[in-house]
Amino acid sequence: MTDPSHLTDLLRKRVPFHWSFIRVGLWASLAALIILISAGIWSYQHTNQLARQAQEQAGNGLAVGLANALEETIILRNFAQIEVQVLQTMNSEQVQSILVTDTDGTILSEARRDPLTGKTQLIFKDTGKKYSESISATPEEDTLLIVKPIGNGTKVGWVKLQIAMSKNNALLKGIHQQLLLMNGFSAIIMLVIIGFSLRNTYTQIRTTHAEIEDLNDSLHTAAFYDQLTKLPNRPLLRDRLRQALALASRTQHQVAVCYLDLDGFKEINDTYGHDYGDTVLVEVSKRLTMTMRQHDTVARVGGDEFVLVINDLLSLNDCKQLLNRVLIELAQPIDIGHHMVTIGASIGVASSHEHGINPSTLITLADKAMYQAKRSGKNQWCIYGDQQSIHT
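The structure reproduced in this document is the subject of the present report. (Residues numbered from 1 in each chain as written. Predicted model: local features only at pLDDT ≥ 70, side-chain atom pairs only at ≥ 80, totals over all residues. Heavy atoms only, no water.)

So, about the overall build of the chain. Per the secondary structure count, the chain includes 10 helices and 13 strands. Looking at the chain as a whole, 42% of its 392 residues are labelled buried. In the chain, the proportion of contacts linking residues at least 24 apart, taken out of those at least 6 apart, comes to 61%. Carbon and sulfur atoms make up 55% of the accessible area of the chain, which amounts to about 21700 Å² in all. (Helix = DSSP H or I, 4+ residues; strand = E, 2+ residues; numbered from the N terminus. Buried < 20%, exposed > 50% of the residue type's maximum accessible area, 1.4 Å probe, protein only. Contact = heavy atoms within 4.5 Å. Areas by Shrake-Rupley, 256 points an atom, 1.4 Å probe, with all protein chains shown as cover.)

Moving on, we come to the side chain of T89. As for its position among the elements, T89 is in helix α2 (residues 79-89). The contact partners of T89, leaving out residues within four places of it in the chain, are L62, L66, V95, I98 and L161.

For K230, which is not glycine, the phi dihedral falls at a positive 65°. As for its placement among the helices and strands, K230 is situated in the loop between α4 (187-224) and α5 (234-251). Even without being a glycine, Q252 presents a positive backbone phi close to 60°. Here Q252 shows up in the loop between α5 and β6 (254-263). Taking the relative accessible area as the measure of exposure, Q252 reaches 66% and is therefore exposed.

Turning to the pairing of strand β11 (residues 344-351), a few remarks are in order. The side chains of a regular strand alternate between the sheet's two faces. Burial runs high along β11: eight of the eight residues are buried. On β11, burial covers both faces: G344, S346, G348 and A350 on one face and A345, I347, V349 and S351 on the other are all buried. Relative to β11, β6 runs antiparallel, the two being bridged by eight bridges. Bridging across to β11, D263 finds its partner in G344. Relative to strand β12 (residues 381-383), β11 runs parallel, the two being bridged by three bridges. (Pairing = 2+ DSSP bridges.)

Turning to the pairing of strand β4 (residues 143-150), a few remarks are in order. Pairing between β4 and strand β5 (residues 157-164): eight bridges, direction antiparallel. Across the sheet, residue L145 finds its bridge partner in β5, namely Q162.

What follows deals with the packing of helix α7 (residues 274-291) against helix α8 (residues 316-330). Across the interface, α7 lies against α8 with an axial gap of 10 Å and an inter-helix angle of 150°. With respect to α8, the axis of α7 lies roughly antiparallel. Judged by the twist between their axes, the crossing of α7 over α8 is right-handed. Within the contact between the two elements, α7 uses V284, R287, L288 and T291 and α8 uses L322, R325, V326, E329 and L330. Split by residue class, the contact of α7 with α8 holds five nonpolar, one polar and three charged. (Axes fitted to C-alpha atoms, helices over the stretch in contact; angles between N-to-C directions. Parallel < 35°, antiparallel > 145°, perpendicular 65-115°, else oblique. Left-handed = near helix turned anticlockwise from the far one by under 90°. Nonpolar A, V, L, I, M, F, W, Y, C, P; charged D, E, K, R; others polar.)

This paragraph deals with the packing of aromatic side chains. This model, assessed by the stated rule, comprises one aromatic pair. Summarising the aromatic geometry, the rings of Y272 and Y276 are spaced 6.3 Å apart at their centres and angled 65° between planes, so their arrangement reads as edge-to-face. When its relative accessible area of 28% is taken as the criterion, Y276 is described as partly exposed. (Phe/Tyr/Trp six-rings, centres within 6.5 Å; stacked < 30°, edge-to-face > 60°.)

Attention now goes to the packing of α5 against helix α10 (residues 359-375). Running from N to C, α5 and α10 cross one another at 110°; their axes reach a closest spacing of 10 Å. Overall, the two elements α5 and α10 adopt an arrangement that is roughly perpendicular. The hand of the α5/α10 crossing is right-handed. Together, R234, L237, R238, L241, R242 and L245 of α5 and P359, S360, L362 and I363 of α10 make up the contact between the two elements.

Right, let's talk about the pattern of salt bridges for a bit. Oppositely charged side chains can form a pair if their charged atoms are brought close together. Under the criterion given, the structure shown has nine salt bridges. Here R238 and E72 are joined by a salt bridge, their closest N and O atoms 3.0 Å apart. Remark: E72 occurs in helix α1 (residues 4-76) and R238 occurs in helix α5; sequence separation between them is 166 residues. Of the two residues examined, R238 and E72, each falls in the buried class. Bridged by salt links that share partners, the residues E72, R234 and R238 form one connected network. (Salt bridge = Lys/Arg side-chain N within 4 Å of Asp/Glu carboxyl O.)

Right, let's talk about α2 for a bit. Within α2, the full set of buried residues consists of I82, Q85, V86 and T89. Buried residues of α2 fall within an arc of 100° about the axis and therefore sit on the same side. (Arc of directions from axis to C-beta.)

Purely spatial values, then, with no claim about function.
If you want it as structure tokens, here you go:
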């Protein structure tokens, strides 16, 4: 017969043993929950930090692109073109406001996005206000404030952008749901969920990086390429022209800058509408690109204005032959759907050998020569300073 006192002693020893086992399990579960919460919070913060850093880089790139685009416009005090460039930059939904001032703080242009409708509003109408009298320098919550000088050498002004920082709480919500599920599972299931959560976090980081890279590509395209024709715009043109001039100085070759303005384009716009006018511009861009050499540059700098940078010329005779082909190619009829239209082009030419190696000067002189070609009858090219070099 078993001694009851002995059974009592066994039960007393077993109860602490079972309690200790349960307590270890509870502590293990709690530790797993803490690990899961810590890993989730860290992952959430790290993802947001990476996203914010990438958005800051993208915002800085957009600000630099706008500053480069505004440099020549501010020098010329072309307020209409300033507003056009500001509105083009406001097409990016993340840009909340843009402020452009000169070096004295006088506001040249200011645009904001309406928080309710999301539409862009130009709120500056040449009042001569100073920067301190306009929007506050303190950024709003969840926005990034970027201020960049305008001008590569001598500063001609300042541009300020407010960029909205996007939020993404989907990861944090997923972690909360996982924590609720962990109350009914064992420590092993919790560890599996931790691994699943970390995998989701890694996927989220990869996805965020891919989205940011796409945004960077879009911002680069918007900053340096014309949206309609996909040709380089004025900032990229100036950069390529500087490179071409630097190469020409080493090889003792010439660079020709040709300012081209379409003849008869306004009549097409007025008669058939802007959509057909856009069709003509796209076709002209294709023809120019096909006619020019591969290492030359074709840029669109205005409504119906283009600039050709012809590199590596031994003499201007090579440029003249190329311009004659351009005039012949552009004179061919253009099919705009139900109609065939014909346009011409007036081209002004300035060369590095004759007119110096300053990019802005070459563009300006080529522009003046283009107007001389128009005054002389249109559909021809003219070399600046050479009245005998006007050819149809």
